[in-house]
Amino acid sequence: MSLEPVTQSIYPPMTKPEARSTLYKLIEAGQLAHKALLVPLLDRGLEPGDDAVIFVLHAELGASEQRLADELGIGTDMLQPRLDRLIERDVVARQAIGPDLAPGFALTERGERIREVLAANWEQLEEALFADLTDKKRKGLSKALKRFVELLRLA
């Protein structure tokens, strides 16, 4: 028995992922879907993340800056330049909201049209994903992906 330190790992070296593995395909599909979702946004001179602002303002029918920041999970200091840019591009407008007419933000007509395009693009991609699946298999896939996301969030 030698007294020299053993430099050999007890773990085998990681092999590169198989291009045919389901996880690899899932990652690739996710990246390509993400790129596809950005196309209509970028075509309109907007930036990644602007879609989140657009969808929140549509769902809330307007929101205060703090409410918007909370929904997006960012600070108002990070949100303000984005809102200024969206106002400049006539996507968002400053507007009184709620029964007390508090200062806030809402989508402009152009913002609503952009939201419709973004939502339609999302629906087309989702339909492409589920095209070959029965309703039962769709539910099964959705349930499996939800469980997988929850497992990864715990890690």
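Quick look at the structure, then. (Residues numbered from 1 in each chain as written. Predicted model: local features only at pLDDT ≥ 70, side-chain atom pairs only at ≥ 80, totals over all residues. Heavy atoms only, no water.)

When you go through the protein chain residue by residue, the secondary structure sums to six helices and two strands. In the protein chain, the succession of α and β elements from N to C terminus is α-α-α-α-β-β-α-α. Looking at the protein chain as a whole, 21% of its 155 residues are labelled buried. Nonlocal contacts in the protein chain, meaning residues at least 24 apart in sequence, comprise 44% of its contacts between residues at least 6 apart. (Helix = DSSP H or I, 4+ residues; strand = E, 2+ residues; numbered from the N terminus. Buried < 20%, exposed > 50% of the residue type's maximum accessible area, 1.4 Å probe, protein only. Contact = heavy atoms within 4.5 Å.)

Now for the nonpolar core. In this structure, Leu-57, Leu-68 and Val-92 are the most contacted members of the largest nonpolar core, which totals 19 residues. Elements with a contribution of two residues or more to this core: helix H1 (22–43), helix H2 (50–60), helix H3 (65–72), helix H4 (76–88), strand S2 (102–107) and helix H5 (109–130). Excluding residues that lie within four positions of it along the chain, Val-92 makes contacts with Leu-57, Leu-83, Leu-86, Ile-87, Phe-105, Ala-106, Leu-107 and Thr-108. (Core = buried A, V, L, I, M, F, W, Y, C linked by side-chain atoms within 4.5 Å.)

With that out of the way, let us pick up the pairing of strand S1 (residues 92–97). Side chains on a regular strand alternate between the two faces of the sheet. Bridge analysis of S1 against S2 gives six bridges, and the strand direction is antiparallel. Residue pairing in the sheet places Ile-97 in a bridge with Ala-102 of S2. The turn joining S1 and S2, which pair antiparallel and follow one another in sequence, is formed by four residues; a positive phi near 75° is taken by Gly-98. (Pairing = 2+ DSSP bridges.)

Moving on: unusual backbone geometry. Positive phi, normally seen in glycine, also occurs at Leu-61, with a value near 55°. Residue position: Leu-61 is located in the loop between H2 and H3.

Attention now moves to a nonpolar patch on the surface. A surface patch of nonpolar side chains, amounting to about 320 Å² of accessible area, comprises Leu-23, Leu-26, Ile-27 and Leu-145. For the nonpolar patch, the leading source of residues is H1, giving three residues. (Patch = residues over 30% accessible without salt bridge, like charges linked within 9 Å, V, L, I, M, F, W, Y side chains within 5 Å. Areas by Shrake-Rupley, 256 points an atom, 1.4 Å probe, with all protein chains shown as cover. Salt bridge = Lys/Arg side-chain N within 4 Å of Asp/Glu carboxyl O.)

Turning to its location among the elements, Asp-50 is positioned in helix H2. For Asp-50, the residues in contact, after removing those within four places along its chain, are Leu-41, Arg-82, Arg-85 and Leu-86.

Further remarks concern the layout of surface pockets. Estimated volume of the largest pocket: approximately 630 Å³. Lining the largest pocket are 16 residues, and of these Ala-29, Gly-30, Ala-33, Leu-129 and Leu-145 sit closest to its centre. Only H1, H5 and helix H6 (135–154) provide two or more residues apiece to the lining of the largest pocket. Element by element, the count of residues in the lining of the largest pocket is highest for H1, at seven residues. Per-class residue counts for the lining of the largest pocket are eleven nonpolar, three polar and two charged. (1 Å grid on protein atoms, 1.4 Å probe; cavity = no way out; pocket = protein on both sides within 12 Å on 5 of 7 lines; lining within 4 Å. Points joined across faces, edges and corners; volume = space filled by probe spheres on them. Nonpolar A, V, L, I, M, F, W, Y, C, P; charged D, E, K, R; others polar.)

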